[in-house]
Amino acid sequence: MSQRTTPKTIETIEFGLMSPEEYRNMSVTKIITADTYDDDGFPIDMGLMDPRLGVIDPGLQCKTCGKRSGRCEGHFGHIELAAPVVHPGFSKLIRRLLRGTCHDCARLLLDDSQQEEYREKLETARELEEDVSDVMKSAIRSARKAGTCPHCEAEQKDVKHDKPTTYYEDGQKLMPSDIRDRFERIPDDDLRVLGINADRARPEWMILTVLPVPPVTARPSITLDSGQRSEDDLTHKLVDIIRINQRFMENREAGSPQLIIEDLWELLQYHVTTFVDNEISGTPPAHHRSGRPLKTLSQRLKGKEGRFRGSLSGKRVNFSSRTVISPDPTISVNEVGVPEEIAKEMTLKVKVTENNIEEIVEYVRRGPEDHPGANYVKREDGRRLKVKDKNAEALAERMLTPEGAGPMAGEGDEEEEEAGASDDDADPQGLGWTVERHLTDGDVVLFNRQPSLHRMSMMAHEVVVMPYKTFRLNTTVCPPYNADFDGDEMNMHVVQSEEALAEAEVLMKVQEHILSPRFGGPIIGAIQDHISGTYLLTHEEELFDESQALDLLRKTSVTELPEADEEIDGDEHWYGDTVFSLLLPDGLDMEFESSAGDTVVIEDGELLEGTIDEDAVGSFVGEIVETVAKIYGMDRTARFIDDVSSLAIRSIMHFGFSFGISDEDLPEEAREEIDVGIEEAEEEVERLIETYERGELESLPGRSLEETLEMKIMQALGKARDSAGEIAEQYLEDDNPGVVMADSGARGSMLNLTQMAGCVGQQAVRGERINRGYENRTLSHFKEDDLSADARGFVRHSYKEGLEPREFFFHAMGGREGLVDTAVRTSKSGYLQRRLINALQELEAQYDGTVRNSENDIVQFEYGEDGTDPMKMPDGDAVDVDAIADRVLDADEAPAGGDD
Amino acid sequence: MARYDVLDHELVPEHVVLDDDEVEELLERYDIKKTDLPKIGRLDAAVKELDAEPGDVLKIVRESWTTDEAIAYRIVVDE
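Predicted model only: the values in this text are computed from it and were never measured. (Residues numbered from 1 in each chain as written. Chains lettered and ligands numbered in written order. Predicted model: local features only at pLDDT ≥ 70, side-chain atom pairs only at ≥ 80, totals over all residues.)

## Here we look at the overall build of chain B
Spelled out, the test is: Under the DSSP-based scheme used, a helix requires at least four consecutive residues in state H or I and a strand at least two consecutive residues in state E, with every element numbered from the N terminus. Burial is judged by counting the other C-beta atoms within 10 Å of a residue's own C-beta: 20 or more makes it buried, 12 or fewer makes it exposed, and any count in between marks it as partly exposed, with every C-beta position built from the backbone. Placing C-beta atoms from the backbone, we regard two residues as in contact once those atoms come within 7 Å.
A tally of helices and strands in chain B yields two helices and four strands. For chain B, the succession of helices and strands along the chain, N to C, is β-α-β-α-β-β. Dimensions of chain B along its principal axes, counting C-alpha atoms only, are 45 × 35 × 20 Å. Relative to its full complement of 79 residues, chain B shows a buried share of 14%. Contacts in chain B between residues far apart in sequence, at least 24 positions, make up 62% of those at least 6 positions apart.

Have a look at this one:
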């Protein structure tokens, strides 16, 4: 175990360049040969796998530091480059310096007064914590304007930059050695004007003469099953560099022509460039033998899977699991069903104390296979033992054996232990041990579904261990997770520390997230069949006898029936409203309008009139859920939601509910009425077109004639569909399941029903009738410039009747646009969200009410400029004084205790 | 043409330049340095109207829908 050291604060961080001397000093060896291993499989000295560069094979000792594999972090080597090359990461800075300094005397092309001016600008930029590089850019810009050097009067030539690493001056190529010579002559004081600290970063260090060789631990080779070694991409690249470096030296010594030398120089530059960054524009990427581009230094850092986003900001974690989810209406919103298989694999560490030893030992005794068991025990001396079927019993006994009684040291698994003559005063050996026990009912875990777009995407649930292989969740928590059961998978994390557990329970429990901070309303509530269920229960005056009423309530927390509403033939009967009222907290007073359109009145926890539907208990809008949450607290709300969903499901099962093709049937006369309506609309369109062609159409203000015509046609056809809808609505019975769902807000709308039973209506692309395809017509079936309804994507049939081929095609066009829209929207908004979160993540509301960033700058003087928590605001207002007054006065009149 | 005072426009909230004592009190209240305040550009129309100099602190009183008024303070800076 690593000892904790005193925390230290970082005062400053300084960035700079490394000099060739620094590279040599930190190097443990010069690398001169491109070979890695000899024929016997041993690493070659001064080769790329030199043993002094660190150890990767387990068991070996590092030749430099003596540590073993895993502990030795590796040591750098170096390559002496035969000729200097440009470091591709600094190509822009090199260009700037070339342009800003004198061709002859290498001084900055600014006279003393200008230098002074920029020095001051730098100072203020530093003081105000502004970007210093902007000052440099403007200094270079004005330096470039000088035609001659203000110091030596030499005429200046234009520097061209051929990306990424070639520079020309006056058409003449500048070799890296030339650049280096010039940079060496730039005085330190001139650099300071550009914001470069010459002590830390001499510009000539941007031209490499020595290349550091990363330790082998940074580029480990892997041994394949065949025994063949496979080298890391970086090693491959280094091999290339060394080969070319050697050839360069040989050729130069042999006195080869300048042309060949220059070619080799360029090749060396290419290899060093791709070693640093293999995705530089203007340089073809280096490829592996297999054809895959090499992953070199930059590629290890950049992007989603790179070191920053992939290994530091986010990484894979232990104590987590993932599987498919499925619904279970019998568990509470606060619970999650966990497959036994997973519960046996995921463990919680428990410290053994006097108070829990009996219980914990039972876990150990059951072993790793029997569900509420244990997988590991950790003794007080820090040794961790795996609990196996074979040693479970022995381990359990040993834990109970008093200290000093049994043989303590036995490491062997088979060792039999006898609870010897025990000293009653001695503590059992197990005290102070840590046991990793299985997940059991009631443990709190974190549950998450990606994309985690808001805080409700990760909530704490209580575990219920179940058979089979899926996570089970209550259907009412689908909206916050945006989950459905068409194959969605979710993640579970087992909280390991007591602190984390407490935080999870207090802050992350599902019930603490019923109200959304986004709009202050409930994000958890009844959905789909729950809403149909409560609607059926409360819409008409339904009577239930005792057994029916009890059946409805059997899964709820209600255990007793109130006084009967009616007595029929001596049998007691209750109304649906009364049954629903049993779930409401006592003393609840409300009045609001339901989705079905009637007024819901609740007085003292009794539903007096109105239909309970989406607007009452639904997610996102449920008025009752919101009020209960804001007045009675989250425990009561969780119970209310559980009760409502259980009652609703019993209720929908009592009545029976199904929806099929025949539920869209319309009588013959309705069909005729709809057809007449559509024909009239089509005639109207023809009339409009004729008026337009005669030139008699009057344009609307601000529109062209064509636009006016289009608008009027759209209007006429829209009206046709609406009237079809009205006719359909008229002929569909109120108890039609489609109507019930649309009316209650459970699923679908009257528009959906219209399209199924009446007429699908106009198809649109980009908000206009379909007008693209062939020249001046949509399809080759039509004459050019045909503006009639059916030539421009009007679908007169219903989904039930079926679409004509042409209608079908237009419908597909409209549908495709929707598909593309969603695809584009999700990717765009995802990126937007990422940027927004990166910008806002450090903001924090302080105890003095201000919102500040990590540098203590004030962003808002009062959180949200009003200091209100949207979760606690009643319906958009900061305070609802009237409601509070009413409630307080009511409470005064009848000082009733809290609910139940 | 008569110049229009932007501060008279109904969409422009009330801007006031704080005197030194008030600035002192403000910095004390929030335990901050002057540079921790949100910034407002020297060329902002309202700042020009008030003839405020860089380094001045403005008090801006906005009408709020939830609370009657929301008060913010900003320091005038060079662009």
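## Here we look at the environment of Pro372(A)
With respect to the secondary-structure elements, Pro372(A) resides in the loop between helix H12 (357-366) and strand E11 (374-378). Along the chain, Pro372(A) and Glu362(A) lie 10 residues apart, while their C-alpha atoms are 8.8 Å from each other.

## Structural notes on the packing of helix H20 (residues 623-632) of chain A against helix H21 (residues 634-655) of chain A
All names here are of chain A. Heads up, the condition is: Where helices are involved, their axes are fitted lines through C-alpha atoms of the stretch in contact, as for all axes, and angles between N-to-C directions lie from 0 to 180°. Throughout, the term roughly parallel applies to angles under 35 degrees, roughly antiparallel to angles over 145, roughly perpendicular to angles from 65 to 115, and oblique to all others. For this classification, Asp, Glu, Lys and Arg are treated as charged, while Ala, Val, Leu, Ile, Met, Phe, Trp, Tyr, Cys and Pro are nonpolar and the rest, including Gly, are polar.
Remark: H20 packs on H21, axes separated minimally by 7 Å, with the N-to-C direction vectors making an angle of 150°. Taken together, H20 and H21 sit at an angle that is classed as roughly antiparallel. Counting all contacts with H20, which are made through Val 625, Val 628, Ala 629 and Tyr 632, the residues of H21 involved are Met 634, Arg 636, Thr 637, Phe 640 and Ile 641. Looking at the contact of H20 with H21, its residues break down into seven nonpolar, one polar and one charged.

## Here's the deal with the confidence of the model for chain A
So the rule is basically this: A score from 0 to 100, pLDDT tells how confident the predictor is in each residue.
On average, chain A scores 87 in pLDDT, and the residues at 70 or more come to 96%. Note that residues 408-422 of chain A has pLDDT below 50 and, in this model, 20 contacts with residues that lie over four places away or in other chains.

## Brief notes about the interface of chain B and chain A
Counting residues at the interface gives 12 residues for chain B and 12 residues for chain A. A per-element tally of the side of chain B that touches chain A places strand E4 (residues 69-77) of chain B first, with four residues. Partitioned by chemical class, the residues of the side of chain B that touches chain A number eight nonpolar, three polar and one charged.

## A short note on the sheet that holds strand E4 (residues 172-174) of chain A
All names here are of chain A. Stated formally: If DSSP finds at least two bridges between two strands, the strands pair.
Pairing is antiparallel across the open sheet formed by three strands, whose spatial order is E2-E3-E4. Of all the strands in the sheet, the pair left with one neighbour each is strand E2 (159-162) and E4. Strand-to-strand twist of the sheet, defined as the mean angle between neighbouring strand axes without regard to direction, takes the value 35°. Of the pairings in the sheet, the one linking E2 to strand E3 (residues 166-169) comprises four bridges and is antiparallel in character. Within E3, the residue paired with Lys 160 across the bridge is Tyr 168. Strands E2 and E3 of the sheet are contacted by helix H2 (residues 91-100), whose axis makes an angle of about 165° with E2.

## Some words on the domain arrangement of chain A
As a reminder, the rule being used: Just so you know, the domain bounds were taken from an automatic or database domain assignment.
Parsing chain A into structural domains produces domain 1 (89-205), domain 2 (232-311), domain 3 (320-339 + 441-513), domain 4 (529-655) and domain 5 (661-807). For domain 2 of chain A versus domain 4 of chain A, the distance between C-alpha centres works out to 73 Å.

## Re the nonpolar core
In plain terms, the rule: Any set of buried Ala, Val, Leu, Ile, Met, Phe, Trp, Tyr and Cys residues joined through C-beta atoms within 7 Å is what this text calls a nonpolar core.
In this structure, Val338(A), Leu439(A), Val445(A), Val579(A), Val625(A) and Val644(A) are the most contacted members of the largest nonpolar core, which totals 93 residues. Within the second largest apolar cluster, 58 residues are counted, among which are Ala82(A), Val213(A), Ile242(A) and Ile244(A).

## Quick word on the packing of helix H22 (residues 668-694) of chain A against helix H23 (residues 705-731) of chain A
Taken N-terminus to C-terminus, the directions of H22(A) and H23(A) make an angle of 170°; their axes are 9 Å apart at the nearest point. As the angle between them shows, H22(A) and H23(A) are arranged roughly antiparallel.

## Describing the sheet that holds strand E20 (residues 571-575) of chain A
Residues and elements named next belong to chain A. With respect to topology, three strands assemble into an open sheet ordered E18-E20-E19, the strand pairing being antiparallel. Each having just a single partner strand, strand E18 (543-545) and strand E19 (566-568) make up the two edges of the open sheet. Taking each pair of neighbouring strands and ignoring which way they run, the sheet shows an average axis angle of 40°. Taken together, the three bridges between E19 and E20 define a ladder with antiparallel strand orientation. Its bridge partner lying in E20, Ile 568 is registered against Asp 571. The sheet contacts of helix H17 (residues 546-553) involve E18 and E20, and relative to E18 the element is tilted by about 100°.

## Here's the deal with unusual backbone geometry
Residue and element names in this part refer to chain A. Look at the link from Gln 450 to Pro 451: it is a cis peptide, with omega at 0°. Structurally, Pro 451 is set in the loop between strand E14 (444-448) and strand E15 (458-466). The phi torsion at Asp 604 lies on the positive side, around 50°, for a residue other than glycine. You can see Asp 604 is positioned in the loop between strand E22 (599-603) and strand E23 (606-609). You will see that Asp 785, though not glycine, has its phi angle at about 55°, which is positive. As for its position among the elements, Asp 785 is in the loop between strand E26 (768-769) and strand E27 (794-795).

## Regarding the environment of Ser798(A)
Residue and element names in this part refer to chain A. Looking at the element boundaries, Ser 798 is found in the loop between E27 and helix H26 (805-840). The exposure class of Ser 798 is buried, given the 23 C-beta atoms found within 10 Å. Residues Ser 798 and Val 760, spaced 38 residues apart in sequence, show a C-alpha to C-alpha distance of 5.2 Å. Discounting residues that sit within four places of it in the chain, Ser 798 has contacts with Gln 755, Met 756, Ala 757, Gly 758, Cys 759 and Val 760.

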